[in-house]
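Fold and contact review
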Amino acid sequence: NAGVIQTPRHKVTGKGQEATLWCEPISGHSAVFWYRQTIVQGLEFLTYFRNQAPIDDSGMPKERFSAQMPNQSHSTLKIQSTQPQDSAVYLCASSSYRDSGNTLYFGEGSRLIVV
Amino acid sequence: QQQVRQSPQSLTVWEGETAILNCSYENSAFDYFPWYQQFPGEGPALLIAIRSVSDKKEDGRFTIFFNKREKKLSLHITDSQPGDSATYFCAASESYGNEKITFGAGTKLTIKP
């Protein structure tokens, strides 16, 4: 069974450019989560979807960040007008009601560097 | 404010010793506490978890001790091995309602052979 797949693994973008990150959750999982990881802030929650519907986006910087889940097999995180402080590893995770407790299965992350 | 706090930030122990990682939380609604292990270049992976109805959970060399009254928990790793060197995250969530998991800042554990 393939794990959570994230692409690209690495992305370097110029300040002010747009960056789009993709996530393919584990087949059959009904929830998808996005986190941002930095040395300073640790693992920050951004947003999550259940059955493709947005449930909680309380961690999303509203002006430039957006996330979508157009179908059950992928989700995207888009950052417009990227800034150096957006540099981080963006982690996607999926989970299933079938698990006892809410276990998140993380991908390997997309490392974004804004220069 | 940080809802889940971890200490120490980093910890070094010798192979064979017991490593103790500490965690505390603020939100009384949290009732599920997983610990995740992360190796460099990888995403975090669930190591062990406990629900607030229990005060102890064991899985091999890994044990969680939980004190609901004090809102504290700890992860004990006995007979530490060099392969246990990783960053460990304490996390918390509510069983019902919002499934968001809140993570602590992590403890970087190094096991010296």
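Counting from 1, residues in each chain are numbered in the order their sequence is written. Labels are handed out in written order, letters beginning with A for the chains and numbers beginning with 1 for the ligands. Under the rules for a predicted model, residues below a pLDDT of 70 receive no local features and side-chain atom pairs below 80 are neither given nor counted, while totals for whole chains, interfaces and linings still include all residues. No hydrogens and no water enter the side-chain calculation; it runs on all heavy atoms of the structure.

1. Considerations on the overall build of chain A
Check the secondary structure of chain A and you find zero helices and 11 strands. Helix and strand definitions follow DSSP, with helices as H or I runs of at least four residues and strands as E runs of at least two, each counted in order from the N terminus. Its helices and strands in sequence order give chain A the pattern β-β-β-β-β-β-β-β-β-β-β, from N to C terminus. Its C-alpha atoms give chain A a radius of gyration of 13 Å, near enough to 13 Å, the size a compact globule of 115 residues would have. Principal-axis analysis of the C-alpha atoms places the extent of chain A at approximately 40 × 25 × 25 Å. Two residues form a contact once any of their heavy atoms are found within 4.5 Å. Pairs at least 24 apart in sequence give 54% of the contacts found in chain A among residues at least 6 apart. Positive and negative side-chain charges of chain A, numbering 10 and 9 respectively, have mean locations separated by a distance of 4 Å. The globule rule is 2.2 Å times the number of residues to the power 0.38, and the radius of gyration it is compared with is taken over C-alpha atoms. Residues scored as positive are Lys and Arg, those scored as negative are Asp and Glu, and His as well as the terminal groups of each chain are ignored. Working definition for charges: the position is that of NZ of Lys, CZ of Arg, CG of Asp or CD of Glu.

2. Things to note about the overall build of chain B
The helix and strand tally for chain B stands at zero helices and 11 strands. Ordered by position from the N terminus, the helices and strands of chain B form the series β-β-β-β-β-β-β-β-β-β-β. For a compact globule of 113 residues, the expected C-alpha radius of gyration is about 13 Å, and chain B comes in at 13 Å, within 12% of that figure. Dimensions along the principal axes, computed over C-alpha positions, put chain B at roughly 45 × 30 × 20 Å. Three exposure classes are used, based on accessible area relative to the maximum for each residue type with a 1.4 Å probe and protein chains only: buried under 20%, partly exposed in between, and exposed over 50%. For chain B, with 113 residues in total, the buried portion stands at 44%. Sequence separation of 24 or more characterises 55% of the internal contacts of chain B that already satisfy a separation of 6 or more. Accessible area for chain B stands at about 5700 Å²; split by element, carbon and sulfur atoms hold 47% of it. Throughout, the Shrake-Rupley method with a 1.4 Å probe supplies accessible areas, and for residues the shown protein chains are the sole cover considered.

3. As for the sheet that holds strand 3 (residues 19–24) of chain A
Residues and elements named next belong to chain A. DSSP-based pairing: two strands are paired if at least 2 bridges between them are found. Ordered in space as 1-3-8-7, the four strands form an open sheet in which the pairing is antiparallel. Two strands bound the open sheet, and with one partner strand each, they are strand 1 (5–7) and strand 7 (65–71). Mean inter-strand twist for the sheet, computed between neighbouring axes without regard to direction, equals 20°. Of the pairings in the sheet, the one linking strand 3 to strand 8 (residues 74–79) comprises five bridges and is antiparallel in character. Opposite A19, over in strand 8, you have I79 as the bridge partner. A fitted line through C-alpha atoms represents every axis, and for helices the fit uses only the stretch in contact; the resulting angles, taken between N-to-C directions, go from 0 to 180 degrees.

4. Topic: a nonpolar patch on the surface
A cluster of nonpolar side chains, namely V12, I113 and V115 of chain A, defines an oily patch on the protein surface of about 280 Å² accessible area. Judged by relative accessible area, which is 61%, V115 of chain A ranks as exposed. Only residues whose relative accessible area exceeds 30% and that take part in no salt bridge are eligible for patches, with like-charged residues grouped when within 9 Å of each other and nonpolar side chains (Val, Leu, Ile, Met, Phe, Trp, Tyr) grouped when within 5 Å. Whenever a carboxyl oxygen of Asp or Glu lies within 4 Å of a side-chain nitrogen of Lys or Arg, that contact is scored as a salt bridge.

5. Notes on the side chain of S52 of chain B
Looking at where S52 of chain B falls in the secondary structure, it is placed in the loop between strand 5 (45–51) and strand 6 (56–59). For S52 of chain B, a relative accessible area of 14% gives the class buried.

6. Structural notes on the nonpolar core
By convention a nonpolar core is built from buried Ala, Val, Leu, Ile, Met, Phe, Trp, Tyr and Cys residues, the set being connected through side-chain atoms within 4.5 Å. Within the largest apolar cluster, 25 residues are counted, with the highest numbers of intra-cluster contacts made by W35, L73, L75 and Y88 of chain B. Only strand 2 (10–14), strand 3 (19–25), strand 4 (32–38), strand 5, strand 7 (62–67), strand 8 (72–77), strand 9 (86–92) and strand 11 (107–112) of chain B provide two or more residues apiece to this core. In this view, L73 of chain B contacts L21, N22, C23, Y25, F33, W35, I64, F65, F66 and C90 of chain B; residues no more than four positions away in its chain are not counted. Membership of the second largest hydrophobic core comes to 19 residues, among which are V4, A19, A88 and L112 of chain A.

7. Considering the packing of aromatic side chains
In this analysis, rings of Phe, Tyr and Trp, with Trp reduced to its six-membered ring, are considered paired at centre separations within 6.5 Å, and the interplanar angle assigns stacked below 30 degrees, edge-to-face beyond 60, and tilted for intermediate values. Counted according to the given criterion, the structure contains 14 aromatic pairs over all chains. Where Y25 of chain B meets F30 of chain B, the ring centres are 6.4 Å apart and the plane angle is 55°; that geometry is what we call tilted. Judged by relative accessible area, which is 5%, F30 of chain B ranks as buried. Note on F33 of chain B and F66 of chain B: the rings are 5.0 Å apart at their centroids and 35° apart in plane angle, and the pair reads as tilted. Taken together, the residues F33 of chain B in strand 4 and F66 of chain B in strand 7 connect sequence positions 33 residues apart. A relative accessible area of 1% places F33 of chain B in the buried class. An aromatic cluster of three or more residues is present, and its members are F33, Y35, F45, Y48 and F106 of chain A together with Y36, F89 and F103 of chain B.

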